[in-house]
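Single-letter residue listing:
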Amino acid sequence: MNHYLQTFLDGYTGYARYLGYEISHPHWKSYFYWLVGVSLFFFLLELVHPWRTKQARIRKDFWLDAFYMFFNFFLFSLVVYNAASEVVVELFRDLLAKVGIHNLVAVEVGSWPVWAQLLTLFVLRDFVQWNVHRLLHRVPFLWEFHKVHHSVEQMGFAAHLRYHWMETVAYRTIEYIPLAMIGFGIDDFFVVHIFALAVGHFNHSNFRLPLGPLKYVFNNPQMHIWHHAKELPEGRRYGVNYGITLSLWDYLFGTASIPYDGRDVELGFPEMERFPPGFLGQAVYGFGHAGGEAARRLEEP
Ligand SMILES: [Zn+2]
Ligand SMILES: [Zn+2]
């Protein structure tokens, strides 16, 4: 037991130190400064050339989402989750060893050219994420957590990282096995992370960029806005356009839908009025009745 606690503490202090270092020492491979830079870039695009010209430049919940960006990208993901997941990975390895499995790697891609490794990691991870996203919509208890992301009423780049911390747990847990099978750890490839961050910001931005035939490959704001539509298109009970970075999966598996120009379509989900509007209420939301009660108490005026 002590061994696992030590792993957690090492992970925790290791990443806390790392976070402090990142902020005080700007460098080219800094997640922190890339997040700031990519965010400023899309903020400027929205200012200069907005798709919804009537939407406020500082839209509803902009600051809430700005907080979510740093919480989900750093505080939770890099500090808390990494420390906890090192324990889980350790437990998982010990369990596998008990049943005689010492190596999960099925295909060793480490000897491939770097570009091929990056492409494999990116495509495989995006496909796994597309499936996890579909699960978030189909499994009722996961949907309760995913509502946080769908509570966006006015769309803009910062909405990309408004999501419940349980989503990090769901995505990372499910991603772990297929990535471990090809010998990757999730944090191995900086450039894949930054690319996914930039396309994610782009999908949510108040910006119009016709991609031509590339729209069948890459997700974009004109497609993703329909994922957030309050009213689902006919016959689509669970939703449409689940793509994260690639739209390809939606076109391949028949879940793509852009009924018309969605610029002004109403966003959200039914009975949104009863959803907690602030971070604390949203962070405990989804844990059944107890979570609901806690959310109400936290957000009482
Ligand atoms: Zn969704
Ligand atoms: Zn979204």
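A brief structural summary. Predicted model, so just to flag it, every value in this text is computed and none were measured.

Cut-offs used in this document
Residues numbered from 1 in each chain as written. Chains lettered and ligands numbered in written order. Predicted model: local features only at pLDDT ≥ 70, side-chain atom pairs only at ≥ 80, totals over all residues. Heavy atoms only, no water. Helix = DSSP H or I, 4+ residues; strand = E, 2+ residues; numbered from the N terminus. Buried < 20%, exposed > 50% of the residue type's maximum accessible area, 1.4 Å probe, protein only. Contact = heavy atoms within 4.5 Å. Donors = N, O, S within 2.8 Å, 3.2 Å for Na, K, Ca; no water. Tetrahedral: all angles 85-135°; square planar, octahedral: opposite > 155°, others 65-115°. Polar contact = N/O pair within 3.5 Å; in protein donor to acceptor, adjacent residues only side chain to side chain. Phe/Tyr/Trp six-rings, centres within 6.5 Å; stacked < 30°, edge-to-face > 60°.

**What to know about the overall build of the protein**
A count of helical and extended segments in the protein gives 11 helices and 0 strands. When the helices and strands of the protein are listed from N to C terminus, the series reads α-α-α-α-α-α-α-α-α-α-α. Taken over 301 residues, the protein has a buried fraction of 47%. Put simply, of all contacts in the protein between residues at least 6 apart along the chain, 72% involve residues at least 24 apart.

**Considerations on the coordination of the zinc ion (ligand 2)**
Every protein donor of the zinc ion (ligand 2) is listed here as His 149 (NE2), His 204 (NE2), His 224 (NE2) and His 228 (NE2), and their distances to the metal cover 2.0 to 2.1 Å. Viewed at the metal, the 4 donor atoms of the zinc ion (ligand 2) are separated by angles of 89 to 158°, and the geometry they form is irregular. Of note, the zinc ion (ligand 2) draws all its donor residues from one chain, in the sequence arrangement H-x54-H-x19-H-x3-H. For the pair the zinc ion (ligand 2) and the zinc ion (ligand 1), the metal-to-metal distance amounts to 6.0 Å. Pair noted here: His 204 is in helix α7 (residues 190-204) and His 228 is in the loop between α8 (221-227) and α9 (248-252), with a separation of 24 residues, a long-range link. Taken individually, His 204 and His 228 each receive the classification buried, so the pair is uniform in this respect.

**Thoughts on the side chain of His 227**
Tracing the backbone shows His 227 in helix α8. A polar contact of 3.1 Å, which involves the side chain of His 227, links it to the side chain of His 137. Only 3.0 Å separates the side chain of His 227 from the side chain of His 150, close enough to count as a polar contact. Setting aside anything within four residues of it in sequence, one finds His 227 in contact with His 133, His 137, His 146, His 150, Val 240, Asn 241 and Tyr 242.

**Let's talk about the packing of aromatic side chains**
In the structure shown here, the tally under the stated rule is 29 aromatic pairs. Note on Phe 62 and Phe 157: the rings are 6.1 Å apart at their centroids and 70° apart in plane angle, and the pair reads as edge-to-face. Placement of the pair is Phe 62 in helix α3 (residues 62-98) and Phe 157 in the loop between α5 (140-150) and α6 (165-181), with a sequence separation of 95 residues. Comparing Phe 62 with Phe 157 shows no difference in burial state: the two are buried. Ring pairs connect the aromatic residues Phe 43, Phe 62, Trp 63 and Phe 157, which therefore count as one cluster.

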